[in-house]
Amino acid sequence: MEVFNLPLETIYLYGLIGSGILTILYVFFADVVHFDGPDFLNPVIIFAFVTIFSASGYLFEKLSAIHYLVILGISAILALILVTFLNVFVLIPLSNAEESLVYKESDLRGRIGMVITAIPADGYGEVIIESISGRIAKPATSFDRVQIDNGINVLVVDIKDGVLQVSSHQEIENYLL
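Residues numbered from 1 in each chain as written. Predicted model: local features only at pLDDT ≥ 70, side-chain atom pairs only at ≥ 80, totals over all residues. Heavy atoms only, no water.

From N to C terminus, the chain includes three helices and seven strands. Helices and strands in the chain line up, N terminus first, as β-β-α-α-α-β-β-β-β-β. In the chain, which comprises 177 residues, the proportion classed as buried is 25%. If you sum the accessible surface of the chain, you get close to 12,200 Å²; carbon and sulfur atoms cover 65% of it. (Helix = DSSP H or I, 4+ residues; strand = E, 2+ residues; numbered from the N terminus. Buried < 20%, exposed > 50% of the residue type's maximum accessible area, 1.4 Å probe, protein only. Areas by Shrake-Rupley, 256 points an atom, 1.4 Å probe, with all protein chains shown as cover.)

So, in structure tokens, the structure goes:
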């Protein structure tokens, strides 16, 4: 079959080359041309769909004697399945992971940490706070103006100029009678 006096193999090959070039350009300039829209219109997904569709269409046209409409359907279904897997297992987890690594200092208020460098009554020490994305070590002062030794659990009361103000934290223990 020919479209515009070109064999279908050539059209699939042009589509593959064009989508490959656009994908490479998008990788380089994605930050300049930022996309905020529905997930199914994401340029990465569209370029991946066209690339997989064109590649499978070209291979089926070149290597098999199947009717061109069947090849068109198989290529579209194959591209849809693979792009869905790409979106669900790669793109969505990557976008969520990028957001989970960020924290605001105000988010540390009320968190429990452990003193790793003793905090003198009128000086600075260091506290480490465990989080999902790792450990956060921050300078700290005593909120109550008392000395806090190494290894003591502390509660972050306030934050001023990037320095945590902490108070020693004692867990309430429940005793069963």
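A surface patch of nonpolar side chains, amounting to about 1,200 Å² of accessible area, comprises Y14, I17, I21, L22, I24, L25, V27, F28, F29, V32 and V33. Its place among the elements puts I24 in helix α1 (residues 8-29). (Patch = residues over 30% accessible without salt bridge, like charges linked within 9 Å, V, L, I, M, F, W, Y side chains within 5 Å. Salt bridge = Lys/Arg side-chain N within 4 Å of Asp/Glu carboxyl O.)

Before going further, it helps to examine the packing of α1 against helix α2 (residues 43-63). Taken N-terminus to C-terminus, the directions of α1 and α2 make an angle of 150°; their axes are 8 Å apart at the nearest point. With respect to their mutual orientation, α1 and α2 come out roughly antiparallel. For the pair α1 and α2, the sense of crossing is left-handed. Contacts from L8, E9, Y12, L13, G15, L16, S19, G20, L22, T23 and Y26 in α1 reach P43, V44, F47, V50, T51, F53, S54, A55, G57, Y58, E61 and K62 in α2. Split into classes, the residues belonging to the contact of α1 with α2 amount to 13 nonpolar, seven polar and three charged. (Axes fitted to C-alpha atoms, helices over the stretch in contact; angles between N-to-C directions. Parallel < 35°, antiparallel > 145°, perpendicular 65-115°, else oblique. Left-handed = near helix turned anticlockwise from the far one by under 90°. Contact = heavy atoms within 4.5 Å. Nonpolar A, V, L, I, M, F, W, Y, C, P; charged D, E, K, R; others polar.)

Let us now look at the pairing of strand β4 (residues 125-131). Alignment of strand β3 (residues 112-117) against β4, held across three bridges, turns out to be antiparallel. Opposite V115, over in β4, you have V127 as the bridge partner. Where β4 meets strand β5 (residues 134-142), seven bridges bridge the pair, whose relative direction is antiparallel. Counterpart to S131 in the pairing with β5 is G134. In this antiparallel pair of consecutive strands, β4 and β5, the connection spans two residues. (Pairing = 2+ DSSP bridges.)

Glancing now at the side chain of T141. Within the fold, T141 resides in strand β5. Assessed through its relative accessible area of 10%, T141 is described here as buried.

Attention now moves to the pattern of salt bridges. Evaluation of the coordinates by the stated rule reveals three salt bridges. The residue K62 makes a salt bridge to E9 at a minimum N-O spacing of 3.9 Å. Taken together, the positions of K62 in helix α2 and E9 in helix α1 put the pair 53 residues apart, joining distant regions of the chain. For R135, the salt bridge is made with E130, and the minimal N-O distance between the two is 2.9 Å. Note on E130: relative accessible area 48%, which makes it partly exposed.

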